[in-house]
Amino acid sequence: QVHLVESGGGLVQPGGSLRLSCAADGRGFEIYTMAWYRQAPGKERELVATSTSSESTNYADSVKGRFTISRDNAKNMVYLQMNSLTPEETAVYYCNADIYALVIGVRAYWGQGTQVTVSS
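Residues numbered from 1 in each chain as written. Predicted model: local features only at pLDDT ≥ 70, side-chain atom pairs only at ≥ 80, totals over all residues. Heavy atoms only, no water.

## What about the overall build of the protein chain?
Okay, so step 1: What the protein chain contains, in helices and strands, is zero helices and 11 strands.
Okay, so step 2: Secondary structure elements of the protein chain occur, N-terminal to C-terminal, as β-β-β-β-β-β-β-β-β-β-β.
Okay, so step 3: Computed over C-alpha atoms, the radius of gyration of the protein chain comes to 14 Å, within 12% of the 14 Å expected from 2.2 N^0.38 for 120 residues, which places it in the range of a compact globule.
Okay, so step 4: The C-alpha extent of the protein chain, read off along each of the three principal axes, is 50 × 25 × 25 Å.
Okay, so step 5: Here the analysis covers contacts within the protein chain between residues at least 6 apart in sequence; of these, 54% occur between residues at least 24 apart.
Okay, so step 6: Counting only carbon and sulfur atoms, one obtains 47% of the accessible surface of the protein chain, whose full area is about 6,500 Å².
Okay, so step 7: If you average the places of the 10 positive and of the 11 negative side-chain charges in the protein chain, the two averages end up 3 Å apart. (Helix = DSSP H or I, 4+ residues; strand = E, 2+ residues; numbered from the N terminus. Rg over C-alpha atoms; globule rule 2.2 N^0.38 Å. Contact = heavy atoms within 4.5 Å. Areas by Shrake-Rupley, 256 points an atom, 1.4 Å probe, with all protein chains shown as cover. Lys, Arg positive; Asp, Glu negative; His and termini not counted. Charge placed at Lys NZ, Arg CZ, Asp CG, Glu CD.)

Next up, the structure:
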């Protein structure tokens, strides 16, 4: 089974930056789309950024110009660089990936989440 593990969350002041990382562990799989989601207390989980296998990217309007998603296919990793953070970005951030494996086919995998808190 493939596992996704996020890291890089923590406490940051408004206007600060954080870089989240997500690693896919396993063998014999191919990663298609990778994405970052976030869920703030009392709110629905929302899509933040997406990167396809061809590295085409999409962003939520609220983070355009401030966040950058990137991936290292050789290392099976995806990153989210977050700049100019505001308290509204406080949430648990989740890594998501659509992954293909023989017999199993394609399925979505989720990381356990990493907490990002933006506060002075």
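## Describing the side chain of arginine 71
Okay, so step 1: Residue placement: arginine 71 occurs in strand S7 (residues 67-72).
Okay, so step 2: Look at arginine 71: it is buried, it has no salt bridge, and the nearest opposite charge is glutamate 55 at 5.5 Å.
Okay, so step 3: Of the polar contacts made by the side chain of arginine 71, one reaches the backbone oxygen of tyrosine 32; its length is 3.1 Å.
Okay, so step 4: Separated by 2.8 Å, the side chains of arginine 71 and asparagine 73 make a polar contact.
Okay, so step 5: Other than its neighbours up to four places away in sequence, arginine 71 contacts Ile31, Tyr32, Thr33, Met34, Ser51, Thr52, Ser53, Glu55, Met77 and Val78. (Buried < 20%, exposed > 50% of the residue type's maximum accessible area, 1.4 Å probe, protein only. Salt bridge = Lys/Arg side-chain N within 4 Å of Asp/Glu carboxyl O. Polar contact = N/O pair within 3.5 Å; in protein donor to acceptor, adjacent residues only side chain to side chain.)

## Re the environment of asparagine 83
Okay, so step 1: Among the structural elements, asparagine 83 can be located in the loop between strand S8 (77-82) and strand S9 (91-101).
Okay, so step 2: Considered as a pair, asparagine 83 and isoleucine 31 are 52 residues apart in the sequence and their alpha carbons are 26 Å apart.
Okay, so step 3: Discounting chain neighbours no more than four positions away, the residues touching asparagine 83 are Gly16, Ser17, Arg66 and Phe67.

## Focus: the nonpolar core
Okay, so step 1: In terms of nonpolar packing, the biggest core is built from 31 residues, with Trp36, Leu80, Met82 and Tyr93 touching the most fellow members.
Okay, so step 2: Of all the secondary structure elements, the ones that give two or more residues to this core are strand S3 (18-25), strand S4 (29-39), strand S5 (46-51), S7, S8, S9 and strand S11 (114-118).
Okay, so step 3: For this core, the leading source of residues is S9, giving six residues. (Core = buried A, V, L, I, M, F, W, Y, C linked by side-chain atoms within 4.5 Å.)

## Description of the pattern of salt bridges
Okay, so step 1: The final tally for this structure, using the stated rule, is four salt bridges.
Okay, so step 2: For aspartate 61, the salt bridge identified is with lysine 64, shortest N-O distance 3.0 Å. Pair check on accessibility: aspartate 61 and lysine 64 agree, each one exposed.
Okay, so step 3: A cluster of three or more residues bridged by salt bridges with shared partners is formed by Arg38, Glu46, Arg66 and Glu89.

Purely geometric numbers; function is a separate question.
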